[in-house]
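# Survey of secondary and tertiary structure
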Amino acid sequence: MPKPKTLYVCNACGAESSQWFGKCPACGTYNSLDEVAPPSPVKISRGGWQSNTYSDNHEPNTGPAQPRSSLTFSEIVDTVEIRFPSGYGELDRVLGGGVVPGSLVLIGGDPGIGKSTLMLQVANQLAKLHRILYVCAEESGQQVKLRASRLGVVSAETPDLESNNGRVKKEAKSSKSKSSKSKSSKTRIAAQDSESKSESKDADLYILPETDLEEILRELESLKPQVAVIDSIQTLYFPALTSAPGSVAQVRECTSALMQVAKRSNITLLIVGHVTKEGAIAGPRVLEHLVDTVLYFEGDRFASHRLLRSVKNRFGATHEIGIFEMVSNGLQEVLNPSDLFLGNRDEMSPGTATVVACEGTRPILVELQALVSPASYGAPRRSTTGVDYNRLQQILAVLEKRVGIPLSKLDAYVATAGGLGVEEPAADLGMAIAVVASFRDRVVDPRTVMIGEISLGGQVRLVSQMELRLKEAAKLGFKRAIIPKGQTLSDLGIEIIQVSRVLDAIIAALPGGLRQDFPEDIEDQI
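Below is a short write-up of the structure. (Residues numbered from 1 in each chain as written. Predicted model: local features only at pLDDT ≥ 70, side-chain atom pairs only at ≥ 80, totals over all residues. Heavy atoms only, no water.)

### A look at the sheet that holds strand β6 (residues 205–208)
- Here nine strands make up an open sheet; going across it, the order is β6-β5-β7-β8-β4-β9-β10-β11-β12 and the pairing mixed. In this open sheet, the two edge strands, each paired with only one partner strand, are β6 and β12 (330–333). Mean inter-strand twist for the sheet, computed between neighbouring axes without regard to direction, equals 25°.
- With five bridges connecting them, strand β5 (residues 132–136) and strand β7 (residues 227–231) associate as parallel partners. Each bridged residue has a counterpart across the sheet, and for Y134 the counterpart in β7 is V229. (Pairing = 2+ DSSP bridges. Helix = DSSP H or I, 4+ residues; strand = E, 2+ residues; numbered from the N terminus. Axes fitted to C-alpha atoms, helices over the stretch in contact; angles between N-to-C directions.)

### Quick notes on the pairing of β5
- Most of β5 is tucked away: five of the five residues are buried.
- Here β5 shows a buried face lined by I132, Y134 and C136 and a second buried face lined by L133 and V135.
- Note that β5 and β6 share four bridges and pair parallel. Note on β6: the bridge partner recorded for Y134 is I207. (Buried < 20%, exposed > 50% of the residue type's maximum accessible area, 1.4 Å probe, protein only.)

### Quick notes on the pattern of salt bridges
- Overall, the coordinates contain 15 salt bridges when judged by the stated rule.
- With a shortest N-O distance of 2.9 Å, R469 and E424 are connected by a salt bridge. Within this pair, whereas R469 is found in helix α12 (residues 466–475), its partner E424 is found in the loop between β16 (410–416) and α11 (428–440), the two being separated by 45 residues in sequence.
- Here R469 falls in the buried class, since its relative accessible area comes to 1%.
- R501 is the partner of D504 in a salt bridge, and the nearest nitrogen-oxygen pair spans 3.2 Å.
- Overall, D504 belongs to the partly exposed group, its relative accessible area being 22%. (Salt bridge = Lys/Arg side-chain N within 4 Å of Asp/Glu carboxyl O.)

### Structural notes on helix α6 (residues 213–223)
- Taken as a whole, α6 has its buried residues at L213, I216, L217, L220 and L223. Axial view of α6: buried residues confined to an arc of 145°, hence all on one face.
- Residues of α6 that are buried in the fold lie against β5, β6, β7 and α7 (248–265).
- Between the side-chain oxygen at the start of α6 and the backbone nitrogen of E214 there is a gap of 3.2 Å, and the oxygen is on D212.
- One or two positions beyond α6, positive phi appears at K224, with a value near 55°. (Arc of directions from axis to C-beta. Contact = heavy atoms within 4.5 Å. Polar contact = N/O pair within 3.5 Å; in protein donor to acceptor, adjacent residues only side chain to side chain.)

### Digging into helix α2 (residues 115–126)
- The first and last C-alpha atoms of α2 sit 16 Å apart over 12 residues, in line with the 16 Å expected at 1.5 Å per residue.
- K115, S116, T117, L118, M119, L120, Q121, V122, A123, N124 and L126 are the residues of α2 that are buried. (Expected span 1.5 Å × (residues − 1).)

### Brief notes about the packing of helix α10 (residues 389–403) against α11
- Contact pair α10 / α11: the axes reach a minimum separation of 10 Å and the direction vectors enclose 60°. By the angle between their directions, the pair α10 and α11 is classed as oblique. Considering the relative orientation of α10 and α11, their crossing is right-handed. Residues R391, L392, I395, L396 and L399 of α10 touch α11, and the partners they reach there are D428, M431, A432, V435 and V436.
- Grouping the constituent residues of the contact of α10 with α11 by class yields eight nonpolar, no polar and two charged. (Parallel < 35°, antiparallel > 145°, perpendicular 65-115°, else oblique. Left-handed = near helix turned anticlockwise from the far one by under 90°. Nonpolar A, V, L, I, M, F, W, Y, C, P; charged D, E, K, R; others polar.)

### What to know about the nonpolar core
- Ranked by size, the top nonpolar core spans 49 residues in total, and within it L399, L407, L429, I433, V435 and I506 carry the most contacts.
- Every element with two or more residues in this core is listed here: β11 (321–327), β13 (352–359), β14 (362–374), α10, β16, α11, β21 (495–499) and α13 (502–509).
- Among the elements that make up this core, the one with the highest residue count is α11 (eight residues).
- Here L429 is in contact with M450, I451, G452, I454, V460, I482 and A505, once residues within four sequence places are set aside.
- In terms of nonpolar packing, the next biggest core, distinct from the first, is built from 34 residues, L95, V99, I113 and V153 among them. (Core = buried A, V, L, I, M, F, W, Y, C linked by side-chain atoms within 4.5 Å.)

### Observations regarding the environment of K23
- Secondary-structure assignment places K23 in the loop between β2 (16–17) and β3 (33–36).
- Using a relative accessible area of 43% as the deciding quantity, one classes K23 as partly exposed.
- Apart from the residues within four sequence positions on either side, K23 is in contact with G28, T29 and Y30.

### Structural notes on the packing of α2 against helix α3 (residues 141–151)
- Where α2 contacts α3, the axes come no closer than 11 Å and their chain directions differ by 75°. The orientation of α2 with respect to α3, classified from their angle, is roughly perpendicular. Residue-level contacts link S116, T117, L120 and Q121 of α2 to V144, R147, A148, R150 and L151 of α3.
- For the contact of α2 with α3, the per-class residue count stands at four nonpolar, three polar and two charged.

Right, here's the structure in full:
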């Protein structure tokens, strides 16, 4: 009897190996190889396929080349891309303008961030115009209904069990007397009327508490919904596979089967995915390649706002964000996110500056706060919240070398108001001015915004979407903008101050009398 073979599969990238390694040879992840049973070999039959290379008399086929199923661009029929709204403008923005029929959308996020809450609210909004199937593989139907009652999706009223039992008993005894038969029929009609009234609100929202993939596929083909929500993909299992739910093979096969049904029946799938402790979506990387759109639901557990960020979108721009706020009855859209990430401009405090960050095509005004203080120990401490740590280190080095501010022996702390993550280089200028303002204990004009990237040589470089950023700043009442030199802009209702060096930006941003704080030959040194 031959010795059974063993296969090891990486739970991070899906790579297969015949022996166990402490480190995956493909992706380099440690302790990620799991032992699985090798699949049984499947014999592939050619069916009725025959090669065109040789004819029946085994002579080479010298006929002209011709396509069998492939088409040229001119032969493909143009169809108008029809999107339908999801009921939430923030989600439509992230998806690129609405939901595309037949698309697969993967939504990941930390536990408790609000993924199921968002999907249930979206399903409720879509059910007003479409037939929706909500597959709850993690919860029972009663648990989903309890959460829906809290969100206001369905009424909190429970059916009268005593009246239903009485109706059943009366129907069982209807053959004994005509009077009881008439009473039971009246009771049944009244009960049916009450059930139809209670189901009128959620008639097109169907709940399926199921983890078996085959049963879910049968329900999709039978119900034929326009949109289906899978919550979540890691809890589904395919009975033909011996591996446990959530494994690499199960996630890959379940997603592939759902994709085939969705594309064939033109069903939009909203798939909820778990994330690892590093923040990536759990399962093989092929999961993100199979779907059309990948969204991440982010947020601080101590804050009320949530960010829905697009990292992949075949039908729209990536890195778009939608902003929601968690309230007592679920998630609400934030129509003006700049108010959420701007501090109180009436109270002037040293070390603050306002920048205009662009997330996709959305400009957001964010307040940067800096604190510079003497180091308590030998090595100074640097700390950031919402901005890149390495970017802060680079800006501190530029300020000391090119501007002459001694920061090497001082602690520096930089944070964003509201905890929004700002990673683009356009926030460099605002970060540098906030650090200098805290060092000199000066107050930056709260009606001034800073936009620009700082190079290692101390120059201020241009950034993209400048006009869009300035329009957003002018709309929120800002009067001045310090931007890089070399760009021609129309009248946007805001004073433009163009600078070419970081020293010029600091002198323009901080109140008068700052120039004497720097050495007289500082301009000759940079």
